[in-house]
Amino acid sequence: MSSSADIGIWGVPLAILGGAIRVSTPFLFVSLGECLTERSGRINLGLEGTLIFGAMAGYAIAYESGSAWFGVLAAALAGALFGLFHGWICRFKGVNDIAIGIAMMLLGMGLAFFFGKPYIQPVAPDLPAISFGWWSENPQLRAALQINALFLLGVGLAIFLHWMFRATRIGLTIRVVGDSTDAARAIGLNPNRVRLLSTAAGGALAGIGGAYLSLYYPGSWNEGISSGQGLMAVALVIFARWNPIYCLWAALLFGGAGALGPALQSVGVTSGYYLFFAAPYVLTLGLLILASSPDKALEGAPGELSITK
Amino acid sequence: MSAAPSVLAPPKAAIGIEAVGMSMRFGDFTALDHVTLKIRPGSFHALLGENGAGKSTLVKCMMGFYHASDGGLLIDGREALIRDPVDAQRLGLGMVYQHFTLVPSLTGAENLLISRADAPAVISWRKERAALEAFLRKMPFSAPLDRPVSRLSAGEKQKLEILKQLYLGSRFLILDEPTSVLTPGEADEVLGHVRALCQAGEISVLMITHKFREVSQFADDVSVLRKGKLTGSGPAADLSHADMAQMMMGAQLPPSETARTAHNGDVVLSLRAAKAPDRSGLGQIEIAQLDLRAGEILGIAGVSGNGQTELMDMLTGQRKLNAGQIQVHGRDYGATRREARALKIRALPEEPLQNACAPRMSVAENLAFRDFDQIPDGRPRLWKNSREMARRAVELISAYQIKTTSPHSPIAALSGGNVQRAALARELSGDVDLLLIANPCFGLDFAAVAAIRARLLAARNEGVAILLISEDLDEILELADRILVMSEGKIAFETSAENADTAEIGAYMAGHA
């Protein structure tokens, strides 16, 4: 408390900024993964399950191997497997991707809790953070500027995806498949394969998001590790209009909202601060209402997406 | 003759195509019966036929979508084996579909590039743009490359489709009713360019069409299909429109025009300073004044995308007005189901299968949409009366000559003309004061067009006020008593049908006057 007093009320925005960066990383990875999947014309609601399984797998492998990065790799692999499974089921006729997504979410959570029991006690190595606050004397500023390597990776990934959708054959292929199955077939693409691979890649990113949860912040494995980030990220993609760069800003916004509660708590607001823990959920609802319009269709929505058809 | 090895490099000039004794059987049904068709290199060949005459089957066999049960294809005199559309593309055969196959959210440039089989893994847009612009400079016409295709007009899309085929190196183009979405001006422009490309020896063209005018004006040769058989073929210059109609329809000729009876009814529909945002949200639709009287057909002409769709949306309550009012019989009209019922207003938007029908529900159910929920005296009905619905459906099906296997088959199984007939049967049954209708004959064949136009005239003669929004100027000139031209969201011009001058209307449509 005494150190907070040094910069007074400025501690709140600073804590929110630091928190935004810290809390946004899983949002960022899951939403980029979902963005990739949805751009190919398929929706994967199972990313919440993938996130939790990724958290468990990442933690377990990091503990067993002693390397946090091996954990991240394992989480990505596990996520890709979940994505492949989702994509494989969805290629059959008459299968609804939303229903499968919900089933996959429950499956991922169930498997994670089952295999994760032995890893609740042990302590796995953390992911490294890079300190960007070395120039400052202020401990809070230094704390806020402790930025995890995965966050930087995510920022790079958002820029990369944006470029990929615009200027690579793979990116254009994904957009064609997402916008019109018929047009894709007419130019000789295989929509099912493109969607399968996009869903797998999206799952891998969600898995990495999970590894961040268990290996950095909060930094341990337990069954309550995710508070719905996987699901909120789906809403976030809609809010970000399927644009990876907007996904980055939206993830930071959601992260900031998530950090509001702890930040207020840290400056000594003791009553009602827990209401602010609900900020991300209120924000999700509010933004979706604000972003909707009774007159206009969602702009930028992939044409083949089952929620916007 | 043994199959010749396929040509490896795409051809450099127009190629000649010959279908020899081509037959296609689906089970017991013969869709195509020993059709032999020769398209000379560099010629513009028209293929006429009613819906279901086998035109699509023939071109699908040529393009490798279907494998012909019998017969084969010669390319420049050599037998060619086409297993799928990819083979066809490699041999220089390309097809422009009636429904656009461009990807709506991609820009023109992106669409062209991704359709290429050898699209680079990493695209250097600067280099590709330069290459595309160099390609466009060699073409007689151009299309915008920077806007997403969803924001292009129908004419621009059609031009882009054709450019795409040329960009891919096709030397034989099949155009499936290329002008059905274009205005007369756009159609003439596009077909003129296509004809110029043929004459330059760049491409040969086979065009599926219903429009005799286009055949006489642009085609070198014409072939006519009827019920899967070739009923006539020859130079287009040698055939009159009556000859072509005879070949298309057999002995039966289209019904003659219904006589008009004079009316001078009361104003039914009136719009005053009605404003609403347009589809893009950037522009504004503004109808300063529009009056429609009973027993009158008011035609709204205009180039596609000049606010006609929005006007229909405004009148059917799907687009909120910012200002002004819509009145029917002097009362404000908000287009709710209750108001429409009380004021006897019916509406039929364009493409009724998507916009005015539930595709998977049965013909009988679709026909009952207007009154399934009320008993004849107007009180609400609790239980649906299937027997009554089926009885009404049978009546309407025979009265409007809707071809369906049964009243209980899904309406999506019907051909376009029959869906349009069914929707019109529903909208014109019962007591009608005002009919709002958009592009009623879009994509329909000759017989269906004649039948629907006769229905509209008959309704007019009975005193129905009809607002006819159409992108087909010929249709407006044939049906309307009074003509308004819409341009950039406003009424630009008004004329009575007797004094209508096509050139003048065309100038206002193009926004030049």
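Predicted model only: the values in this text are computed from it and were never measured. (Residues numbered from 1 in each chain as written. Chains lettered and ligands numbered in written order. Predicted model: local features only at pLDDT ≥ 70, side-chain atom pairs only at ≥ 80, totals over all residues. Heavy atoms only, no water.)

(A) A look at the sheet that holds strand β5 (residues 78-80) of chain B. Residues and elements named next belong to chain B. Strand order in this open sheet of four strands is β2-β1-β4-β5, and the pairing throughout is antiparallel. Both outer strands of the open sheet, β2 (29-39) and β5, are each paired with one neighbouring strand and no more. Direction aside, neighbouring strands of the sheet carry axes that sit 30° apart on average. As defined by bridge partners, strand β1 (residues 17-26) adjoins β2 across seven bridges and the pair is classed as antiparallel. Within β2, the position partnered with M22 by the bridge is V35. (Pairing = 2+ DSSP bridges. Helix = DSSP H or I, 4+ residues; strand = E, 2+ residues; numbered from the N terminus. Axes fitted to C-alpha atoms, helices over the stretch in contact; angles between N-to-C directions.)

(B) View of helix α5 (residues 97-116) of chain A. Residue and element names in this part refer to chain A. With 20 residues, α5 should reach 28 Å at 1.5 Å per residue; the first-to-last C-alpha distance of 27 Å fits that figure. Among all positions of α5, only D97, I100, G101, M104, M105, G108, A112 and G116 are buried. Buried residues of α5, seen end-on, are gathered within an arc of 145° and therefore sit on one face of the element. Along α5, the residues that are exposed and aim more than 90 degrees away from the buried face are L106 and F114. Here the buried face of α5 lies against α3 (47-65), α4 (68-90) and α11 (229-239). N-capping of α5 is provided by N96, with a side-chain oxygen placed 2.7 Å from the backbone N of I98. (Expected span 1.5 Å × (residues − 1). Buried < 20%, exposed > 50% of the residue type's maximum accessible area, 1.4 Å probe, protein only. Arc of directions from axis to C-beta. Contact = heavy atoms within 4.5 Å. Polar contact = N/O pair within 3.5 Å; in protein donor to acceptor, adjacent residues only side chain to side chain.)

(C) The interface of chain B and chain A, seen in detail. Each side of the interface is counted separately: chain B has 18 residues, and chain A has 15 residues. Buried surface at the junction of chain B and chain A, both sides included, amounts to about 1,500 Å², of which 62% is carbon and sulfur. The salt bridge involving A:R175 is made with B:E110; its shortest N-O contact spans 3.0 Å. There are six residue pairs in polar contact (both at pLDDT 80 or more) connecting chain B and chain A. Examining the composition of the side of chain B that touches chain A, we find that three residues originate from one element, helix α3 (residues 108-114) of chain B, more than from any other. Taken together, the residues that form the side of chain B that touches chain A break down as eleven nonpolar, three polar and four charged. (Buried area = accessible area lost by both parts, 1.4 Å probe. Salt bridge = Lys/Arg side-chain N within 4 Å of Asp/Glu carboxyl O. Nonpolar A, V, L, I, M, F, W, Y, C, P; charged D, E, K, R; others polar.)

(D) Just the packing of aromatic side chains, in detail. All names here are of chain A. Scanning all chains against the criterion turns up twelve aromatic pairs over all chains. Ring centres of F85 and W88 lie 6.3 Å apart, and the angle between their planes is 20°; this geometry places the pair in the stacked category. Of this pair, F85 and W88 both sit in helix α4, three residues apart, which is roughly one turn of the helix. Between W88 and F92, the ring centres sit 5.4 Å apart and the planes meet at 80°, which makes this aromatic pair edge-to-face. A residue is classified by how much of its surface remains accessible, and W88, at 45% relative accessible area, is partly exposed. By the ring-pair criterion, three or more aromatic residues cluster together here, those being F85, W88 and F92. A cation over an aromatic ring shows up here: R22 above the ring of Y217, its NZ or CZ 5.0 Å from the ring centre. (Phe/Tyr/Trp six-rings, centres within 6.5 Å; stacked < 30°, edge-to-face > 60°. Lys NZ or Arg CZ within 6 Å of the ring centre and 35° of its normal.)

(E) Just the pairing of strand β20 (residues 490-496) of chain B, in detail. All names here are of chain B. Across six bridges, strand β19 (residues 482-487) lies against β20 in antiparallel orientation. In the sheet register, L484 faces β20, and the bridge partner there is E494. Count of turn residues in the β19/β20 antiparallel hairpin: two residues, of which E488 carries a positive phi of about 50°.

(F) A look at helix α12 (residues 244-266) of chain A. Residues and elements named next belong to chain A. Between its first and last C-alpha, α12 extends 32 Å over 23 residues, near the 33 Å set by a 1.5 Å rise per residue. Of all bends in α12, the biggest is about 35°, found at L260, and the proline P262 comes one to four residues later. Between the side-chain oxygen at the start of α12 and the backbone nitrogen of I245 there is a gap of 2.8 Å, and the oxygen is on N243. Looking one or two residues beyond α12, the residue adopting positive phi is G268, at roughly 100°. (Bend = angle between axes of the 7 residues up to and from the residue.)

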